[in-house]
Number of protein chains: 4
Amino acid sequence: LISCPDRPGIIAAVSQFLFARGANIVHSDQHSTGGAGDDFYMRIEFDLPDLAAREAAFGAEFAPVAARFEMDWRLALGSREKRLAVFVSKEEHCLLELFWRRSAGELPAEIVAIISNHRDLEALARAHGVPFHWVPLAAPTDKPAAEARQVEIVEAARADAVVLARYMQILSPSFVARFPRRIVNIHHGFLPAFVGPRPYEQAHERGVKLIGATAHYVTEDLDAGPIIEQDVARVDHRHAPAVLRRIGRHIERQVLARAVAWHADDRVIVHGNRTVVFS
Amino acid sequence: LISCPDRPGIIAAVSQFLFARGANIVHSDQHSTGGAGDDFYMRIEFDLPDLAAREAAFGAEFAPVAARFEMDWRLALGSREKRLAVFVSKEEHCLLELFWRRSAGELPAEIVAIISNHRDLEALARAHGVPFHWVPLAAPTDKPAAEARQVEIVEAARADAVVLARYMQILSPSFVARFPRRIVNIHHGFLPAFVGPRPYEQAHERGVKLIGATAHYVTEDLDAGPIIEQDVARVDHRHAPAVLRRIGRHIERQVLARAVAWHADDRVIVHGNRTVVFS
Amino acid sequence: LISCPDRPGIIAAVSQFLFARGANIVHSDQHSTGGAGDDFYMRIEFDLPDLAAREAAFGAEFAPVAARFEMDWRLALGSREKRLAVFVSKEEHCLLELFWRRSAGELPAEIVAIISNHRDLEALARAHGVPFHWVPLAAPTDKPAAEARQVEIVEAARADAVVLARYMQILSPSFVARFPRRIVNIHHGFLPAFVGPRPYEQAHERGVKLIGATAHYVTEDLDAGPIIEQDVARVDHRHAPAVLRRIGRHIERQVLARAVAWHADDRVIVHGNRTVVFS
Amino acid sequence: LISCPDRPGIIAAVSQFLFARGANIVHSDQHSTGGAGDDFYMRIEFDLPDLAAREAAFGAEFAPVAARFEMDWRLALGSREKRLAVFVSKEEHCLLELFWRRSAGELPAEIVAIISNHRDLEALARAHGVPFHWVPLAAPTDKPAAEARQVEIVEAARADAVVLARYMQILSPSFVARFPRRIVNIHHGFLPAFVGPRPYEQAHERGVKLIGATAHYVTEDLDAGPIIEQDVARVDHRHAPAVLRRIGRHIERQVLARAVAWHADDRVIVHGNRTVVFS
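Residues numbered from 1 in each chain as written. Chains lettered and ligands numbered in written order. Predicted model: local features only at pLDDT ≥ 70, side-chain atom pairs only at ≥ 80, totals over all residues. Heavy atoms only, no water.

A. Structural view of the overall build of chain A. Regarding its fold elements, chain A presents eight helices and 13 strands. Relative to a compact globule of 279 residues, whose C-alpha radius of gyration would be 19 Å, chain A shows 21 Å and is just as compact. Referenced to the eigenvectors of the C-alpha coordinate spread, the extents of chain A come out at roughly 60 × 40 × 35 Å. Evaluated residue by residue, chain A yields a buried proportion of 57% over its 279 residues. Counting only contacts in chain A whose residues sit at least 6 apart along the sequence, the fraction spanning at least 24 positions is 64%. When the accessible area of chain A is evaluated, it comes to approximately 11300 Å², of which 53% is carbon and sulfur surface. With 33 positive and 35 negative side-chain charges, chain A shows a spacing of 3 Å between the two charge centroids. (Helix = DSSP H or I, 4+ residues; strand = E, 2+ residues; numbered from the N terminus. Rg over C-alpha atoms; globule rule 2.2 N^0.38 Å. Buried < 20%, exposed > 50% of the residue type's maximum accessible area, 1.4 Å probe, protein only. Contact = heavy atoms within 4.5 Å. Areas by Shrake-Rupley, 256 points an atom, 1.4 Å probe, with all protein chains shown as cover. Lys, Arg positive; Asp, Glu negative; His and termini not counted. Charge placed at Lys NZ, Arg CZ, Asp CG, Glu CD.)

B. Structural view of the environment of Val88(A). All names here are of chain A. Summarising the element assignment, Val88 is placed in strand 5 (residues 82–88). Each C-alpha atom of the pair Val88 and Ser116 lies 5.1 Å from the other, and the pair is 28 residues apart in sequence. Discounting residues that sit within four places of it in the chain, Val88 has contacts with Leu95, Ile114, Ile115, Ser116, Asn117, Leu121, Ala165, Arg166 and Tyr167.

C. Up close: the environment of Lys143(C). Residues and elements named next belong to chain C. You can see Lys143 is positioned in helix 5 (residues 143–156). A relative accessible area of 25% places Lys143 in the partly exposed class. For the pair formed by Lys143 and Val162, sequence separation is 19 residues and the distance between their alpha carbons is 18 Å. Once residues within four sequence positions are removed from consideration, Lys143 is found in contact with Leu137, Gln169 and Ile170.

D. Expanded view of the sheet that holds strand 9 (residues 183–187) of chain C. All names here are of chain C. The strand order 7-6-5-8-9-10-11 describes an open sheet built from seven strands, whose pairing is mixed. Lying at the two open borders of the sheet, with one neighbouring strand each, are strand 7 (132–134) and strand 11 (227–234). Across the sheet, the axes of successive neighbouring strands diverge by a mean angle of 20 degrees, strand direction being ignored. Sheet strands touched by helix 5: strand 5 (82–88), strand 6 (109–116), strand 7 and strand 8 (161–164). Its angle to strand 6, the strand with the most contacts, is close to 160 degrees. (Pairing = 2+ DSSP bridges. Axes fitted to C-alpha atoms, helices over the stretch in contact; angles between N-to-C directions.)

E. Representation of the relation of the copies chain D and chain C within the structure. Here chain D sits on chain C after a turn of 180 degrees about the axis and a move of 0.0 Å along it, with an RMSD of 0.0 Å. What we have between these two chains is a two-fold relation. Taking C-alpha positions as the reference, the residue of chain D nearest the rotation axis is Ala193(D), at 2.2 Å. Take the interface residues of chain D: 100% of them recur as interface residues in chain C, which is what a same-surface contact looks like. (Least-squares fit on C-alpha atoms with pLDDT ≥ 70 in both.)

F. Molecular detail of the side chain of Gln230(D). Relative to the helices and strands, Gln230(D) resides in strand 11 (residues 227–234). Within the structure, Gln230(D) has its side chain in polar contact with the backbone oxygen of Leu191(D) (distance 2.9 Å). Apart from residues no more than four positions distant in its own chain, Gln230(D) is found in contact with Val208(C), Lys209(C), Leu210(C), Arg234(C), Phe190(D), Leu191(D), Ala213(D), Thr214(D), Val255(D) and Arg258(D). (Polar contact = N/O pair within 3.5 Å; in protein donor to acceptor, adjacent residues only side chain to side chain.)

G. Highlighting a nonpolar patch on the surface. A cluster of nonpolar side chains, contributed by Ile170(A), Val195(A) and Leu222(A), occupies part of the molecular surface with about 260 Å² of accessible area. Examined against the element boundaries, Val195(A) turns out to sit in the loop between strand 9 (183–187) and helix 7 (199–206). (Patch = residues over 30% accessible without salt bridge, like charges linked within 9 Å, V, L, I, M, F, W, Y side chains within 5 Å. Salt bridge = Lys/Arg side-chain N within 4 Å of Asp/Glu carboxyl O.)

H. Looking closely at the confidence of the model for chain A. Of the residues in chain A, 99% reach a pLDDT of 70 or more, and the chain-wide mean stands at 93. Interface confidence for the predicted complex, given as ipTM, is 0.91, next to a pTM of 0.93. (pLDDT = per-residue confidence, 0-100.)

I. The arrangement of the pattern of salt bridges in detail. Here the structure, examined in full by the defined rule, presents 116 salt bridges over all chains. Here Asp50(B) makes a salt bridge to Arg54(B), at a shortest N to O gap of 3.2 Å. Judged by relative accessible area, which is 25%, Arg54(B) ranks as partly exposed. Through salt bridges with shared partners, a single ionic network connects Glu97(A), Arg101(A), Arg253(A), Glu97(C), Arg101(C) and Arg253(C).

J. Structural detail: the interface of chain B and chain A. Between chain B and chain A, the contact holds 32 residues from the first and 32 residues from the second. Taking both sides of the interface into account, the surface hidden between chain B and chain A amounts to around 2700 Å²; carbon and sulfur atoms contribute 55%. Here Glu229(B) makes a salt bridge to Arg234(A), at a shortest N to O gap of 3.1 Å. The tally of links between chain B and chain A comes to 20 residue pairs in polar contact (both at pLDDT 80 or more). (Buried area = accessible area lost by both parts, 1.4 Å probe.)

K. Up close: the interface of chain D and chain C. Taken residue by residue, the interface counts 32 residues in chain D and 32 residues in chain C. Each partner contributes to the roughly 2700 Å² buried at the junction of chain D and chain C, and carbon and sulfur atoms together form 55% of this total. Summed over the shared surface of chain D and chain C, the result is four salt bridges. Summed over the shared surface of chain D and chain C, the number is 20 residue pairs in polar contact (both at pLDDT 80 or more). Among the secondary structure elements, those contributing two or more residues to the side of chain D that touches chain C are helix 7 (199–206), strand 11 and strand 13 (274–277) of chain D. A total of seven residues in the side of chain D that touches chain C trace back to one element, the largest contributor, which is strand 11 of chain D. Across the side of chain D that touches chain C, the residue classes break down as 14 nonpolar, eight polar and ten charged. (Nonpolar A, V, L, I, M, F, W, Y, C, P; charged D, E, K, R; others polar.)

L. Summary view of the packing of aromatic side chains. Counted by the stated rule, this structure contains 30 aromatic pairs over all chains. Pairing Phe46(A) with Phe58(A) gives two aromatic rings, centres 5.8 Å apart and planes at 25 degrees, and the pair type is stacked. In this pair, Phe46(A) sits in strand 3 (residues 39–47) while Phe58(A) sits in helix 2 (residues 55–68), placing the two residues twelve residues apart along the sequence. The same class applies to Phe46(A) as to Phe58(A), namely buried. Residues Phe175(C) and Phe179(C) carry aromatic rings whose centres are separated by 5.3 Å and whose planes lie at 55 degrees to one another, so their mutual orientation is tilted. Exposure remark for Phe179(C): the relative accessible area of 4% places this residue in the buried category. Every member of this aromatic cluster is reached through a ring pair, and the members are Phe17(A), Phe46(A), Phe58(A), Phe62(A) and Trp73(A). The residue whose ring lies beneath Arg21(C) is Phe17(C), and the NZ or CZ to ring-centre distance is 3.8 Å. (Phe/Tyr/Trp six-rings, centres within 6.5 Å; stacked < 30°, edge-to-face > 60°. Lys NZ or Arg CZ within 6 Å of the ring centre and 35° of its normal.)

Structure representation (structure tokens):
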């Protein structure tokens, strides 16, 4: 994954570099923002048999190319699966979808820890052989201690990313700062409409004809981080808020699962408050 | 079209009333909001050969039924087409779509006047044989006089409804009050997100993955009236604001055309700030 | 649920009948096919507290109304849930979706038996507390005996309907005849395109830009029974047949689950080889 | 546009070639079919100020690169717009959409001739300043002479492509062979379902829940050529064939317009009976 100022010759230099080392480019995507002061984004997926062994050397060799084009770059080994810590509350649909996609071969990541302030999903976690960590939150004053415990768990599990799969608590800025661009949340509304709690009630009140869900990276500002994926479903006057919530669950689980799979597959580049998704 | 408090026996009473008069129910739709203090909405489309001739008598006969159930009701003759005054600015796509649907037999309404502050669409209006009224707006201080002129035109044309087909001006509260629930606007954003001008720029800035358009009745609050129809299209990082505008035009024209057709066909009941659409 | 020749007065007669007995109509849907020799279809959902107790009497009282309009009708108690026998093979996604929707309150039916020619999903069935019946099919000659066993299981479980949730075997005409309009199958293609086995390979071969799935009632003709629900997803040249299958699974599980829920909720009327779905 | 057997080094060679000549790559897309005996497809859009002047030289210089990788390649100048001959019959919606997209800046092609066996759309063609050619077809025996006349018109207009915008006649193999991969047709059904005439009646008869339209290149086999684009809309039991036709028109015009724009923008590569669309 490469981000850099746009300039002629980037693709030639990178593809030449890879070719010279015997790599076969499997897939390559580029995006240039256009206009003056352009940004250029690139994702190259290539095959190089012994890359795992000589990862460090490869990086050192690429450094001059990167320096020439002022690249911000990152190499991810396809053979090294991401490790996910999933935060949940009482609702199972998002977690269930992640488990199902994992077992169906659609989620290139391992779920290494489930963390919740409720015990409702403990049996589900255990049935899938994933450690379940109950971190109760009886009072707001427990939050700092609870977050400290959560950080411990995430780090002990060597998780690369945190997934908020309908975890109904707001994380503190210090927690968020610890995992920059590595916390994926599902918001049960079509952002930027219906920020905050009870989006289905808000949607019903406003009388919208479509409801949606939004997967985004968590930043300090509530529900304002870079959007990874969104989707909607049609609703009408017959749907009470309870029905909207039910319809919404189907959107939420699919939007979150797609976003997590793209993140796990290194298909998302964050650019300011937007994302470039090479899906 | 009937709105009233929900109570057993409404359907029986109304269908009995129609049957006794020889009417054949072609289509019937009901909706009850449920819960205590329910509202009940009903649309019955029926065939009664000589209804046009005895419309007044029919109404007088129905009055006792309506009184018994505290109905707010309205009878619209399918044979009497709505008359539309369409306000436009410089962009043609929405007006063109209305003309096309009209000629394709999909819009049960006659376009009787085109009003604009620009002359760009004059030729298009004339090509379709519709009077074009240029009401320029050089300065904000011209607005009261311009609106007075617009009201005159709408009333002289005996228009039943006003359609804002990408008319880029804000109407005054007094204009809006003159045509309650009879002004349909197309907003080029997915309300309630992106209220106000430049919604595509806002959408691009926020990095959304879907853009939308919203047709709604105009009320005093800008972009806050009852929503009739909405739709969205998928976009991605490659789309600059200019491309979003282009994609958005396709959504706008279709959403507005559907909303206008439903309004013209008496399929929309406004209920507080929401609509019941029997589509 | 009522089907009969269209004629004035049906709605009046039925709603009058219900009102006289103190029933409150919760929802009512009608459909007339139009034209000479019309058919009329109606679904009325009503609330009548002691209906379960006097179901037989209610039927006897309605008989004259039904006779007058030559109605084919059926009364289903909302309080009496349908019982489903689900046939599966090796793939879990459809069964898992049915389980999930059941636990999420979205499927008004009880799964009372799982029948399979493979043991792959035995653990999943047991985890949900549903009896699993392994009916192996080593050779085509086993089929008659296997079907006899399947009929026994279905009847012993007092199942009202059979759901083929990616059961990869063709049922014999005599099995099908035993459960008319009560066997729901999911076909992994957009019928009537891609009848028969390997529809994703066929779709890839033909280079379609959308793939789909179809839920239908099973009749003697393979993949030709009345369609209940269909949906599609966009695909492109990058998708090999294996990826189409993966994308297809998401469509299959949702289409089947919606169709089964509508069937279980008595929202489907079969009319020749078509369905009227009051969704 | 490049098609060739897949092999390491193609991207490096091409991007190096372009960089050495001062070209700036604006956009680049690749696709490899995977597996043994892979095919590789590539579309590179680049900026090279004086390319129009030295087009021939550029080709000669690229020849050795092309030879090395056994490339089938083609260079199209973005500044040189495609010229379209549009065949129509009586229905205007597809032609109107092409005109509208053209004037909205969404169709990078000039419409240089309208050919029809009816005079219904003559006024529309003239209103847009495009020559209209009436080539009547009174009897099947007129066909050879009519086609000869059509070829004359297309060639005199120096059209690069033929668009069948609801032209209801079948073209002869010899006509088709004259413009290989350069005739785009809109079929009013979701191919491969509902081949042939009256697809909406077929769809209604079969009771499908979605109807569609398909844009494809015309080959000798009726409705069997490479598919460029497809889309669908949801329908239900209420929709008679006449309504399906009406809904279908909205799909047809959009699917055809997208396909023609991609063809005109050199975004489609035909590969056997499938297409690679770099949209």
